[in-house]
Amino acid sequence: MRQLLYTEKTVAQCMSALTERLQSRGKHMDGWVEKNGSFAISLSSSLIGNITRRTQLRGKVERQAGVTVVHLDVPSGADRRGQIMIFVAVALMALLLMVGGQLPLAILIVIAGAVLYIPLAGDHKNSPALVSEIQRTLKASTKPPKKPDAAPKAATIARPAAPKAAKPRTATTAAKPATARKTGDTR
């Protein structure tokens, strides 16, 4: 999954924040940071028993048009529904191979499907945590920041209002004679 984030920090500030985060204790995160803006952070989590999955996020921080942009690339895995669809397809393939007389190949397909669960579930679990950690560390969001105006406009400067002068009456704006309305008139 590729994602773009925006932050108000400079590239140097982002790199130092990432370095501090990697050196702090907390989640089991590893990684590296380069001065040119490239970085990688990995997170491992346990899935079933002692089986763990390490997911790595790669990123690049750069300045574009006065805004710091963070490019992220992280494997997203598959949610529960996607995993079920993949396992059903693997089971159908194994069944077709068994019917065709290819029992060893069918067993190999079933084992491959079971091994496939580890990256699918692990990356699905780790990728949101990695992206969230980057957002929190760099104070970044998916929306670009609003650009401030270069100079304040004259209308926005607070000035005391001058009292309005009364308009002089002219012949066209003179009072017109009042006309009596009838009670049933709906003009």
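Residues numbered from 1 in each chain as written. Predicted model: local features only at pLDDT ≥ 70, side-chain atom pairs only at ≥ 80, totals over all residues. Heavy atoms only, no water.

Participant: If you had to explain the sheet that holds strand β4 (residues 51–64) to someone new, which residues and values would you point to?
Facilitator: Within the open sheet, the 5 strands sit side by side as β1-β5-β4-β3-β2. Their pairing is antiparallel. Either end of the sheet is taken by a strand with one partner, and the two such strands are β1 (2–7) and β2 (29–33). Strand-to-strand twist across the sheet, computed as the mean angle between neighbouring axes with direction ignored, equals 20 degrees. Looking at chain direction, strand β3 (residues 38–48) and β4 are connected through 10 bridges and run antiparallel. Bridging across to β4, isoleucine 48 finds its partner in isoleucine 51. Together, β1, β2, β3, β4 and β5 (67–73) form the strand contacts of helix α1 (residues 11–23), whose direction differs from that of β2 by roughly 150 degrees. (Pairing = 2+ DSSP bridges. Helix = DSSP H or I, 4+ residues; strand = E, 2+ residues; numbered from the N terminus. Axes fitted to C-alpha atoms, helices over the stretch in contact; angles between N-to-C directions. Contact = heavy atoms within 4.5 Å.)

Participant: Summarise a nonpolar patch on the surface; cite the residues concerned and give the values.
Facilitator: On the surface, a cluster of nonpolar side chains totalling about 940 Å² of accessible area is made up of Ile84, Val88, Leu92, Leu95, Met98, Val99, Leu103, Ile107, Ile111 and Val115. Looking at which element gives the most residues to the nonpolar patch, the answer is helix α2 (residues 80–99), with 6 residues. Within the secondary structure, leucine 95 sits in helix α2. (Patch = residues over 30% accessible without salt bridge, like charges linked within 9 Å, V, L, I, M, F, W, Y side chains within 5 Å. Areas by Shrake-Rupley, 256 points an atom, 1.4 Å probe, with all protein chains shown as cover. Salt bridge = Lys/Arg side-chain N within 4 Å of Asp/Glu carboxyl O.)

Participant: Before we move on, can you summarise the pairing of β5 with the specific residues and values?
Facilitator: The element β5 is largely enclosed, with a buried count of 5 among its 7 residues. Of the strand pairs in this sheet, β4 and β5 are connected by 7 bridges, and their pairing is antiparallel. Note that in β5 the partner of arginine 63 across the bridge is threonine 68. Connecting β4 to the next strand, β5, in antiparallel fashion are 2 residues, including alanine 65 with a positive phi near 55 degrees. (Buried < 20%, exposed > 50% of the residue type's maximum accessible area, 1.4 Å probe, protein only.)

Participant: Tell me about the nonpolar core, and please be specific about residues and values.
Facilitator: Ranked by size, the top nonpolar core spans 21 residues in total, and within it Phe39, Ile41, Leu57, Val70, Leu72, Ile134 and Leu138 carry the most contacts. Of all the secondary-structure elements, those providing two or more residues to this core are α1, β3, β4, β5 and α3 (103–138). The dominant element in this core, judged by the number of residues it contributes, is α1, at 6 residues. (Core = buried A, V, L, I, M, F, W, Y, C linked by side-chain atoms within 4.5 Å.)

Participant: Run through unusual backbone geometry, naming residues and quoting values.
Facilitator: Positive phi, normally seen in glycine, also occurs at alanine 65, with a value near 55 degrees. When you line up the elements, alanine 65 lands in the loop between β4 and β5. In this structure, lysine 139 takes a positive phi of about 50 degrees despite not being glycine. Considering the arrangement of structural elements, one finds lysine 139 in the segment after α3. The class of lysine 139 is exposed, set by a relative accessible area of 65%.

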